[in-house]
Amino acid sequence: MPAKTSVYVLLLTIALLGTSARADSEMAAFIRAEVEQIRYAHEYKIGPIHVAGRDLVAAFYEQRGFAPAWGRQAQVDGLMEAIRRIEADGLDPKDYYLSELLDYHQKIAAADIADGQLKAEFDLILTGSLIRLCYNLIFGKVDPITQHASWNFNRDVADLEPVAFLEQAIASDDIAVFIAELIPKYRIYTGLRGVLADYRRLAAAGGWAPIPDGDTLKQGMQDERVAALRQRLVAGGDLLPGQASGNRFDEALEATVKRFQQRHSLDADGVVGQGTLAALNVSAEQRIGQIRVNLERLRWVLHDVPPEFILVDIAGYRVYVYKERQTIWESRVQVGRPYRQTPSFRSDMKYIVFNPTWTVPPGILSKDVLPAIKKDPGYLERRNISVLDRSGRPVDTGAIDWAKTTARRFPYILRQEPGPSNALGQVKFIFPNKHFVFLHDTPSKALFRRTDRAFSSGCIRVERPLELAALLLQDVSGWNRSHIDKLIAAGRTQTVFLSQPVPVLMVYLTAEFFDGQILFKDDVYKRDAPLRKALDSPFRFHEAS
């Protein structure tokens with residue numbers, strides 16, 4: 001290259017760098033002015049845009065000396081791509097300023113002269129969008145405490161070191177990949193995410209027409225509504241297109257109906273009665289909403305969990321043991337009745353009690369046991385319940401005037417002794433909590449055969465509790481299933497501590513990906529609609545100040 005050309009290129013490079021430095025300096029001045037507004041404003045807006053996380057936005061730019069953060073187009077493109085993809089997680093791209101960012105981008109590209117104020121605002125909105133996106137994937141969009149008064153899954157934004165986290169995200173090679181890594185990696189989440197895409201395709205194709213009301217449909221019937229049933233099952237992917245016509249309810253159709261019933265937590269009898277008809281007539285759009293709220297519930301709990309934990313699916317009437325993100329054991333359970341709901345919370349299981357006694361808690365005393373005693377003098381003896389004073393000494397029940405005894409100032413302790421009629425069965429699993437909720441065995445075994453298993457007073461009755469006990473104690477020396485069986489047979493009460501506490505997550509899921517398929521469940525506690533409303537409402541970032 002000739003010397004004059006080399007000098008010209010060098011001067012041009014210096015001039016361009018100087019221009020860029022001046023532009024960055026001008027943007028930094030505009031950003032500083034905006035940050036000063038952020039620090040003193042009750043809420044921060046850029047035009048009509050409410051920027052969430054104002055304290056975090058301010059701290060982020062202050063640490064950078066107010067320098068712009070989004071200097072590379074690849075960064076902007078990556079964030080835009082992540083926003084477009086967020087719909088796959090049941091979230092709305094509009095919540096992350098997608099249209100506003102596109103508008104700013106076009107204005108900046110169309111401007112004849114670089115507008116420092118416009119670019120500064122664009123930089124700030126990009127950062128606000130990133131904060132929202134990451135926060136919603138890690139903590140959920142909706143604050144769970146607004147949905148569950150019992151919620152105690154304590155997680156804090158400060159634990160992430162958020163300013164450093166934002167710097168790391170923006171400096172990453174591919175910000176879309178960085179954000180995708182925040183999605184929970186458990187199959188229960190990723191599978192449900194895939195089902196959401198399937199149901200969106202079904203809805204886009206027109207969904208399905210409702211089946212008219214009428215008589216119960218079952219095998220052997222000839223009815224025009226059978227053709228509508230076939231068409232509905234084809235639209236939902238349960239039947240092949242070639243099976244869409246015909247008014248006869250044959251054996252193959254009955255088998256298909258049974259599979260549908262199993263996936264929708266209905267009694268799998270192959271008969272289309274009112275319950276099955278109602279499930280068939282739930283639209284694809286309604287199912288999309290149901291899937292979205294359950295993805296949100298999973299985002300609340302599937303971060304910051306250790307390799308091994310227990311998940312109780314309240315609405316699904318099941319309990320799972322997870323290890324290294326895989327389900328290693330599961331069982332049916334019974335949960336609280338709708339008027340005695342099992343709460344959603346987290347605690348650590350610490351010990352197991354074999355051949356337990358059961359101390360009647362205050363709620364059950366006032367609502368169940370005390371009224372039963374007053375009606376039936378033989379109730380305590382038949383239930384093997386001892387009456388103790390507050391020091392634990394036995395009390396002569398014949399000396400008690402039960403008619404005048406109230407639960408409010410009850411001076412005794414009622415304790416059911418170990419045995420076949422004990423309400424806790426042969427074993428209970430203790431994870432201390434203020435709700436007096438725990439997992440336990442039950443003498444009411446027949447109820448596990450029911451599809452709807454909301455029968456308890458709030459605790460969790462486990463169908464195969466001794467299997468669970470053996471699994472949890474496998475690291476405790478001397479404890480195996482044979483030893484447990486001998487202890488149960490002896491009838492001796494014994495407490496055994498786990499080698500280390502195991503987290504128990506009490507979660508309410510009305511849609512779940514299990515064993516390779518979607519399971520829809522009855523919203524027994526009517527919790528879906530309030531969460532759906534909150535999920536579709538404007539996002540509120542909970543500021544530290």
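Above: the structure in question.
Remember, predicted model here, so these are calculated numbers, not experimental data.

### Comments concerning the pattern of salt bridges
Evaluated as defined, the whole model comprises 27 salt bridges. Here R64 and E167 are joined by a salt bridge, their closest N and O atoms 3.0 Å apart. Of this pair, R64 sits in the loop between α2 (54-63) and α3 (73-85) while E167 sits in helix α6 (residues 162-171); the two residues are 103 residues apart in sequence, bridging distant segments of the chain. Among the residues examined, R64 registers a relative accessible area of 24% and is labelled partly exposed. D95 serves as the salt-bridge partner of K141, at 2.8 Å between the closest nitrogen and oxygen. With K141 in the loop between α5 (116-139) and α6 and D95 in the loop between α3 and α4 (98-110), this residue pair connects regions lying 46 residues apart in the sequence.

### Quick word on the environment of L192
With respect to the helices and strands, L192 occurs in helix α8 (residues 187-204). When the C-alpha positions of L192 and I518 are compared, they lie 7.1 Å apart, and in sequence the two are 326 residues distant. Discounting residues that sit within four places of it in the chain, L192 has contacts with R187, I291, N294, L295, L298, A511, E512, F513 and I518.

### So, the sheet that holds strand β7 (residues 358-359)
Strands sit in the order β7-β9-β8 across an open sheet of three strands; the sheet is antiparallel. The strands lining the two open edges of the sheet, one partner per strand, are β7 and β8 (385-388). As judged from the four bridges shared by β8 and strand β9 (residues 413-416), these two strands associate in the antiparallel manner. In the sheet register, V387 faces β9, and the bridge partner there is L414.

### A look at the side chain of R132
Note on placement: R132 falls in helix α5. Of the buried charged residues, R132 lacks a salt bridge, with D95 as the closest side chain of opposite charge at 4.6 Å. A polar contact is formed between the side chain of R132 and the backbone oxygen of H50, at a distance of 3.4 Å. Ignoring any residue separated from it by four or fewer positions in sequence, one finds R132 in contact with H50, A52, D95, Y96, Y97 and F539.

Here is what the cut-offs are and how they apply
- Here the residue numbering is sequential within each chain, running from 1 through the sequence in written order.
- This being a predicted model, a pLDDT of at least 70 is required before a residue's local features are given, and a value of 80 or more before pairs of side-chain atoms are given or counted; all residues contribute to the totals for chains, interfaces and linings.
- The basis for the side-chain values is all heavy atoms of the structure; hydrogens and waters are excluded.
- When a carboxyl oxygen of Asp or Glu lies within 4 Å of a side-chain nitrogen of Lys or Arg, that pair is called a salt bridge.
- Helix numbering and strand numbering both begin at the N terminus, where a helix is a DSSP run of H or I of at least 4 residues and a strand a DSSP run of E of at least 2.
- A 1.4 Å probe rolled over the protein chains alone gives each residue an accessible area, and that area as a share of the maximum for its type sets the label: buried under 20%, exposed over 50%, partly exposed in between.
- Contacts are residue-level and defined by heavy atoms, with any inter-residue pair within 4.5 Å sufficient.
- Two strands make a pair as long as DSSP finds a minimum of two bridges between them.
- Charge convention: Lys and Arg are scored as positive, Asp and Glu as negative, and His as well as the terminal groups of each chain are ignored.
- Any pair of nitrogen or oxygen atoms within 3.5 Å is treated as a polar contact; in protein, a donor-acceptor pairing is required on top of that, and neighbouring residues in sequence qualify only through side-chain atoms on both sides.

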